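Chain and residue survey
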Amino acid sequence: MSQFGTEFCDHIAIARFADGAWSAPVIEPLRPLPMHPAAHVFHYASTCFEGFKAYRWKDGRGHIFRLRDHVARMQKSAASLRLPIPDADLLAGMVEDLVAHQRKDIPEPPSSLYLRPTLIGTLPNIGAAAAPSTEAMLFVLASPVGDYFAGGKATLKLLVDDKRARTTEQLGSTKTGGNYAAALGPTLEAKAEFGVDQVLFCPGGDVQETGAANFLLISDDEIITKPLDTSFLHGMTRASILTLGRELGYTINERNFTVTELLDWVSTYEATLSGTAACLSPVGALVYNGKEIPVRDGAPGPNTARLQKALQDIQFGVVEDTHGWLTTVG
Ligand SMILES: Cc1ncc(COP(=O)(O)O)c(C=O)c1O
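Residues numbered from 1 in each chain as written. Predicted model: local features only at pLDDT ≥ 70, side-chain atom pairs only at ≥ 80, totals over all residues. Heavy atoms only, no water.

Some thoughts on the layout of surface pockets
Let me state the cut-off plainly: A 1.4 Å probe that fits into a set of points on a 1 Å grid over the protein atoms alone but cannot get out defines a cavity; an open set with protein on both sides within 12 Å along at least five of seven lines defines a pocket, and lining residues are those with an atom within 4 Å of a point. Grid points are joined across faces, edges and corners, and a volume is the space filled by probe spheres set on the points. Put simply, DSSP marks the helices as runs of H or I at least four residues long and the strands as runs of E at least two long, and each gets a number from the N terminus on. As a working rule, the residues Ala, Val, Leu, Ile, Met, Phe, Trp, Tyr, Cys and Pro are called nonpolar, Asp, Glu, Lys and Arg charged, and the rest polar, with Gly in that last group.
There is about 1200 Å³ of room inside the largest pocket. Breaking the lining of the largest pocket down by element, the ones donating at least two residues are β7 (112–121), β8 (136–145), α4 (177–194), α5 (236–247), β14 (270–275) and β15 (279–288). Partitioning the lining of the largest pocket into residue classes produces 22 nonpolar, 16 polar and eight charged.

Dropping the structure here:
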C-alpha cells in the first residue's frame, strides 16, 4: 500500500454552511474544490480536522472507532476557532454514509480506512483577521492506509526539548493546522541535528506531547501520562489505552511530570507515543542536552505490546467491544 495519507477513495462527503444553516450533505466524486482566494482559511487559518479509522471485520462490514467521540472533539475544535459548529448527527451521518459508500475500499486489518473530516472557513474577506468566518465548508476524505509499522523501525528516538512549546496554550487541545505548522520547524531541525524521529515538547520542563501523538510511560503495573489540560491534544488512543489499562489492573497515574523525572524513570519504564495512525509506537531512546539516553534496554517493551494488542483486538473484531466504541456500517 502507498505511503500513509497519499491514497484516496474516489468520493468525499461534503456540506456547506451559509446564512446561518448547513446544507444537506452530499457524497460527491473527489475533485479539486473551487475556492475564493480571499477565503478566511487561506489567510487566518480557520481550519480544524479529525482523524480516525474504520476497520473491516470478517463479517465484511465497516466498524468505525469512537466516531461520536471524534465528532465531539471536532465540535470543540470548531468552537475554539469560532467556526460554525457542525451538528453531531450531521457530521457522524456524513462519515457513516461515506464509509458505507466506500465499503469496498476498507482493507483487511491491520490496514484500515482512515477518515479525515475537515472544516474550513470560506468567508471571502481578507479584512476578517479579528472576525470569525461565517461561511464554512465541511468535508470528509477517506484514505485506505496500511500497517504503520510495515517495514518501519521497531522503536523511535525523541529529542526532549525543555524550552519550546508545540503550540499556544489556548489552541493546544484544538486539532488545527496551525499547531502542526508550529511543530514542523522544530521537528525538522531536530531530525537534521540529532537524527531523531520526533520532538517531545516539554516547555519549562513540563512533559507534554510530540508533534502528532501523546506520550505515555508504562511499567508492569502503572501507566503515567499528563492529565488533561488545554496544553495538548486529548487523544482518543490515550483515553482508550487508559480505560483498557485500568481494566487490566494497571494503576492509572494521570499527573504532570518533569523532564528530570522522565529521565530518571526511563531506566525502568517503557515509553510510547499514542495516536490513531500507529496506535502505540515504542520509544527506544531520548536525546537531551546532546546526550542519548536509552529507554530501558532500547527495545520495545512487553507492556506496550500487551496494551496495543488489547486495543487492536477490539478494533479488529477479535474480542467483543464491551465499551460501545465501534459504529457498524454497511
Ligand atoms: C498533536 C496530537 N496529539 C495526539 C494525537 C493522538 O490523538 P488520537 O489518539 O485521537 O489519534 C494526535 C493524533 O492525531 C495529534 O495530532
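From this point on, the discussion continues.
Some remarks on the nonpolar core
What tends to happen in soluble globular proteins is that the nonpolar side chains get buried as a cluster. Cut-off, in case you're wondering: Nine residue types can take part in a nonpolar core, namely buried Ala, Val, Leu, Ile, Met, Phe, Trp, Tyr and Cys, and a core is a set of them joined through side-chain atoms within 4.5 Å. Burial here depends on accessible area, computed with a 1.4 Å probe over protein chains only, as a share of the maximum for the residue type. Under 20% is buried, over 50% is exposed, and the range in between is partly exposed. The contact definition used throughout considers only heavy atoms, calling two residues in contact when any of these lie within 4.5 Å.
The biggest cluster of nonpolar side chains holds 31 residues, and the ones touching the most others in it are W22, I64, V95, V99, L115, L119 and L138. Of all elements in the fold, only β1 (11–18), β5 (52–56), α2 (67–80), α3 (88–101), β7 and β8 reach the threshold of two or more residues within this core. Looking at this core element by element, the count peaks at seven residues for α3. Setting aside its immediate chain neighbours within four residues, V99 contacts A54, I64, I106, L115 and V329. With 23 residues, the next largest nonpolar core counts A213, V283, L286 and V295 among its residues.

Points about the site of the ligand
What counts is decided by this rule: Throughout this document, a residue counts as near a molecule or strand when at least one of its heavy atoms sits within 4 Å of that molecule or strand. Distance and chemistry together define a polar contact, namely a pair of N or O atoms within 3.5 Å, with one atom able to donate a hydrogen and the other to accept it when in protein, and with adjacent residues in sequence counting only for side-chain atoms on both sides. To be clear on the numbers: accessible area is Shrake-Rupley with a 1.4 Å probe, and residue cover counts the displayed protein chains and nothing else. Occupancy of a cavity or pocket is assigned to a molecule whenever over half of its atoms lie within 2 Å of that pocket's grid points.
In the vicinity of the ligand lie 17 residues, with K175, Y180, E209, T237 and T276 positioned nearest. Within the contact set of the ligand, a nitrogen atom lies 2.5 Å away from a side-chain nitrogen or oxygen of E209. Between an oxygen atom of the ligand and a main-chain N or O atom of M236, the distance comes to 2.7 Å. Relative to its free-state accessible area of 390 Å², the ligand is covered by the protein chains to the extent of 95%. A molecule is said to occupy a pocket when more than half its atoms come within 2 Å of that pocket's grid points, and by this definition the ligand occupies the largest pocket. Secondary structure elements with two or more residues in the shell around the ligand: α2, α5 and β14. Here the shell around the ligand is built from residues that sort into five nonpolar, eight polar and four charged.

Brief notes about the packing of α5 against helix α7 (residues 302–315)
Axes are the key here: two packed helices are described by the angle between their axes and the distance separating the axes. Stated formally: The angle between two axes is taken between their N-to-C directions and runs from 0 to 180 degrees, where each axis is a line fitted to C-alpha atoms and a helix contributes only its stretch in contact. We call two directions roughly parallel when the angle between them is under 35 degrees, roughly antiparallel when it is over 145, roughly perpendicular when it lies between 65 and 115, and oblique otherwise.
The N-to-C vectors of α5 and α7 enclose an angle of 105°; their axes lie 10 Å apart at closest approach. Our classification of the angle between α5 and α7 gives roughly perpendicular. In contact with T237, S240, I241, L244 and G245 of α5, α7 contributes L307, A310, L311 and I314. The class makeup of the residues in the contact of α5 with α7 is six nonpolar, three polar and no charged.

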